[in-house]
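Survey of secondary and tertiary structure
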Amino acid sequence: MNKTIVITGGGAGIGRGTALHFSGLGWRVCVLDKDKEALAEIDALLPDDRCLAITCDVGVEEQVTNAFAELDGWLSGAPLTALINNAGIADPYCGPLEELALEDWQGWIDASLTAAFLCSRSAVPLLRRAEGASIVNISSTRALQSEPETFAYAAAKGGVSALTHAMAISLGPAVRVNALLPGWIETGPWQKESEREEPRHRDIDCEQHPVGRVGTVEDIAGTIAWLVSDAAGFVTGQQIAVDGGMTRKMSYAH
């Protein structure tokens, strides 16, 4: 197998779990992350000959350009099979709208939406070398529904979802593009060592999901693996919620 995947925000959380999942499948894995501590940890967990770890703030144009130039050299003319635009600010809460600073708003937009644009733009020439190449953008169920005071996060993820279908139309048939919308995913065990936490879920946390449990990083990594495989070759421009059914469950006050 000579397949290569790039995962942004791959040092921790969903990104770390996805990197390990694809490494286990025999893929070469390139991880981009601005957290040097988290990046060093995932680099140590992956085989030296099949891992490239690059420190990069994917919301900054120059850093993205340099990172993909380094990746291109590492590929030595081989194709890039898949790009996972996973990076973003994890905390969705920004406080009251009238107190939200433009700088903070822009931080959420850049971390998810701008980053997905910059990385996709740099990745497309490498993806075009492959047969069956694809991009998976990690959006969120908050692109579909909201909690109070999550304006910037919701806008960023909604933008990622819209960017997805726009890219799918323009980049096909060479590159398929889909969005994955995680719901409540427990990432505590997948953080860097200094921030790692064991899950503590109440019964009500599990019961509000129609499947009866909170989501795992493995749920997301497995869905990504399907989306970039030939089995999903007829799937593009789609938003796929991986949320245990929460966005389909009506909720009433009692």
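Attention here is on the structure that accompanies the text. Quantities reported herein were computed from a predicted structural model and do not represent experimental measurements. (Residues numbered from 1 in each chain as written. Predicted model: local features only at pLDDT ≥ 70, side-chain atom pairs only at ≥ 80, totals over all residues. Heavy atoms only, no water.)

A word on the sheet that holds strand E4 (residues 82-85)
- Taken together, seven strands build an open sheet; the order of strands is E3-E2-E1-E4-E5-E6-E9 and the sheet is parallel. Every interior strand has two partners, whereas the edge strands, strand E3 (51-55) and strand E9 (239-242), have only one. Within this sheet the neighbouring strands show an average axis-to-axis angle of 15°, counted without direction.
- With four bridges connecting them, strand E6 (residues 175-182) and E9 associate as parallel partners. Its bridge partner being in E9, leucine 180 is matched across the sheet by isoleucine 240.
- Its contacts with the sheet put helix H4 (residues 102-127) on strand E1 (4-8), E4, strand E5 (133-138) and E6, and the angle it makes with E4 is roughly 175°.
- Of the strands in this sheet, E5, E6 and E9 are in contact with helix H5 (residues 151-171), which crosses E6 at around 160°. (Pairing = 2+ DSSP bridges. Helix = DSSP H or I, 4+ residues; strand = E, 2+ residues; numbered from the N terminus. Axes fitted to C-alpha atoms, helices over the stretch in contact; angles between N-to-C directions. Contact = heavy atoms within 4.5 Å.)

So, the nonpolar core
- Val6, Leu32, Val58, Phe68, Leu71, Leu80 and Ile135 are the most contacted members of the largest nonpolar core, which totals 33 residues.
- Counting only elements with at least two residues in this core, the list comes to strand E2 (28-33), E3, helix H3 (61-75), H4, E5, H5 and E6.
- Of the residues forming this core, the biggest block, eight residues, is contributed by H4.
- Apart from residues lying up to four places away in sequence, leucine 32 is in contact with Val6, Ile7, Thr8, Gly9, Gly10, Ile54, Cys56, Val58, Ala67 and Phe68.
- Membership of the second largest hydrophobic core comes to 27 residues, among which are Ala19, Phe22, Ile220 and Ala232. (Core = buried A, V, L, I, M, F, W, Y, C linked by side-chain atoms within 4.5 Å. Buried < 20%, exposed > 50% of the residue type's maximum accessible area, 1.4 Å probe, protein only.)

Here's the deal with the state of the cysteines
- The full count for this structure, using the stated rule, is zero disulfides.
- Considering cysteine sulfurs only, cysteine 51 is the nearest to cysteine 30, which forms no disulfide, with 7.8 Å between them.
- Taking relative accessible area as the criterion, cysteine 30 reaches 0% and is therefore assigned buried.
- You can see cysteine 119 has no disulfide; the closest cysteine sulfur is in cysteine 56, sitting 6.2 Å from it. (Disulfide = S-S within 2.5 Å.)

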